[in-house]
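# What the coordinates show
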Amino acid sequence: MKGRIGIRVPPETKGLSKKEGIEPDKLAKLLKAGKVVIPSNPIHRKSKPCAIGEGLRVKINANVGTSRDFIDVAEELRKVKVAVKYGADAVMDLSTGGNIREMRKKIIRASEVPVGTVPIYETVCGTSRKRGYVDMTADSLFKTIEQHAKDGVDFMTVHCGVTRKTVGSLRRHKRVTGVVSRGGALLVAWMHENDLENPLYQDYDHLLDLAEEYGFALSLGDGLRPGCVADATDVPQVHELMVLGKLVDRARRAGVQAMVEGPGHVPLNQIEANVKLEKAVCGGAPFYVLGPLVIDVGAGYDHITGAIGGALAAYFGADFLCYVTPSEHLSLPTVEDVRQGVVASRIAAHAADLARGRDALWDRSMSEARRKFDWQRMFELSVDPERAKEYHQRRISHSPEVCSMCGDLCAMKMVDKLLK
Ligand code: SF4
């Protein structure tokens, strides 16, 4: 490992501190302490960078990318546009089909927000064999990581906590759904086939060197996250988190920004404990939760089950919500699914921000517009203005000032004069 100078403060920090309503020095301090990350590869010029972590607004991520069954570059680029339009603070390219590098480069070029990737997908998919993970080598994996960095990727998911020991925990503790993380599963299978330790863990110093050299942030993946509520907060999940806590510490000492990914599927009553545990074990590192989905039976509506979990997780201190779309567990999302997923996640993030004392003016302004029947203003203030307008206009009231829900029995209108 090279000599370190601590976490660098990127030039975006000043502008972001203004946006977050926090002193630049305080933001820089949180960044240096590893409690905030600003994913910012200097190669990727963004008009909308973001800061994620303690004391800041809750951020959301939208996943896009091809699958092996469905490859449509133009559609994935439309998803990026829609995701950013409806409020995604970051996008992740999870492509596994077609020309993955070309897709990534186009997404980076098209994205105004930070872009994340999971390099192991490309390493494995780049081989011609069906069981491509067998051919993967530590060298091919690190070369892919370096290529992603050179292409301008701002943060990368690396499942460094899937180790021989944590996989041992997985073997000893029965689960309903085994491993549901693609990256986690690829590593478990590779380690089994080759009887070797995970190179991302074994050569973690090399990974830190690359992150430090190119200026990308690590998103320490939860390869053993629970894939159903029955497996939530079990031994393999917590064991992996313990490993990640130590790796966060090493990242900080190496001057590398790191956040930690979390579950997955978690019932409501376990969400607070999950957030508190991550914050304690990982020294306050930003927590990036995937949902979490609070039930397993919401198929077709998992943007809702994810938003319920996301709102609660963020309220208790999670910093970054990965959206879930209605097609979760069912198919590759469409552009419309991306819109619904982002809006649901945006609502969850704002619900938590509001409860944590931020941005109350937004809701207050909406309520004032409602009282004045200022429909245009109400549309403008909605999380999804087009959808709000569409619903209002599809059934117009005979009393045009009010809406067709109550018509001339509009409660606000009836009592308004009395209250004045
Ligand atoms: S008609 Fe009913 S729903 Fe519509 S604005 Fe008035 S009180 Fe609200």
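Residues numbered from 1 in each chain as written. Predicted model: local features only at pLDDT ≥ 70, side-chain atom pairs only at ≥ 80, totals over all residues. Heavy atoms only, no water.

### A few points about the packing of helix α11 (residues 235-253) against helix α12 (residues 268-281)
For the pair α11 and α12, interaxial distance at closest approach is 9 Å and the crossing angle is 30 degrees. Here α11 lies roughly parallel to α12, going by the angle between them. For the pair formed by α11 and α12, the contact residues are Q237, V238, L241, M242 and G245 on the first element and N274, L277, E278 and V281 on the second. Across the contact of α11 with α12, the residue classes break down as five nonpolar, three polar and one charged. (Axes fitted to C-alpha atoms, helices over the stretch in contact; angles between N-to-C directions. Helix = DSSP H or I, 4+ residues; strand = E, 2+ residues; numbered from the N terminus. Parallel < 35°, antiparallel > 145°, perpendicular 65-115°, else oblique. Contact = heavy atoms within 4.5 Å. Nonpolar A, V, L, I, M, F, W, Y, C, P; charged D, E, K, R; others polar.)

### Concerning the side chain of T157
Tracing the sequence through the fold places T157 in strand β6 (residues 155-158). Classification of T157 as buried rests on a relative accessible area of 5%. Of note is the side chain of T157, whose polar atom sits 2.6 Å from the side chain of E261. Those residues within four positions of T157 in sequence are excluded, and the remaining contacts are M92, T117, V118, P119, S219, G221 and E261. (Buried < 20%, exposed > 50% of the residue type's maximum accessible area, 1.4 Å probe, protein only. Polar contact = N/O pair within 3.5 Å; in protein donor to acceptor, adjacent residues only side chain to side chain.)

### Some details on the environment of G215
Relative to the assigned elements, G215 resides in the loop between α10 (204-214) and β7 (217-220). The sequence separation of G215 and N61 amounts to 154 residues, and the corresponding C-alpha distance is 20 Å. With residues near it in sequence (within four places) discarded, G215 still touches R8, S40, N41, P42 and L210.

### Looking at the environment of F287
For F287, the position within the fold is in strand β9 (residues 287-290). For F287, a relative accessible area of 3% gives the class buried. With 234 residues separating them along the chain, F287 and G53 place their C-alpha atoms 7.5 Å apart. Residues in contact with F287, not counting those within four places in the same chain, are V260, E261, G262, P263, N274, V275, E278, K279, A318, D319 and F320.

### Some details on the domain arrangement of the protein
The domains assigned to the protein are domain 1 (13-355) and domain 2 (360-419). For domain 1 versus domain 2, the separation of C-alpha centres amounts to 38 Å. On the side of domain 2, seven residues touch domain 1, which itself brings nine residues to the contact. Here domain 1 and domain 2 share an interface that buries about 730 Å² over both sides, 53% of which is from carbon and sulfur atoms. Counting across the domain 1 and domain 2 interface gives three salt bridges. Our count for the domain 1 to domain 2 interface comes out at five residue pairs in polar contact (both at pLDDT 80 or more). Element by element, the count of residues in the side of domain 1 that touches domain 2 is highest for helix α14 (residues 335-355), at seven residues. Classifying every residue of the side of domain 1 that touches domain 2 gives four nonpolar, one polar and four charged. (Domains from an automatic or database assignment. Buried area = accessible area lost by both parts, 1.4 Å probe. Salt bridge = Lys/Arg side-chain N within 4 Å of Asp/Glu carboxyl O.)

### Considering the site of the ligand
Neighbouring the ligand are C403, M405, C406, G407, C410 and A411. When grouped by side-chain class, the residues that make up the shell around the ligand number five nonpolar, one polar and no charged. (Near = heavy atom within 4 Å.)

### With respect to the nonpolar core
Counting 94 residues, the largest nonpolar core has I145, L218 and L220 as the members making the most contacts within it. When residues in this core are grouped by element, the largest group, seven residues, is from α14. Discounting chain neighbours no more than four positions away, the residues touching I145 are P119, M156, V158, L200, L207, L210 and F216. Grouped together as the second largest cluster of nonpolar side chains are 10 residues, I22, L27, V36 and L56 included. (Core = buried A, V, L, I, M, F, W, Y, C linked by side-chain atoms within 4.5 Å.)

### Things to note about the sheet that holds β9
Here we have eight strands rolled up into a closed barrel, ordered β3-β4-β5-β6-β7-β8-β9-β10, and parallel in their pairing. Ignoring which end each strand starts from, the neighbouring axes of this sheet average 25 degrees apart. Here strand β8 (residues 258-262) runs beside β9; their pairing, made up of three bridges, is parallel. Directly across from G262, in β9, lies its bridge partner V289. (Pairing = 2+ DSSP bridges.)

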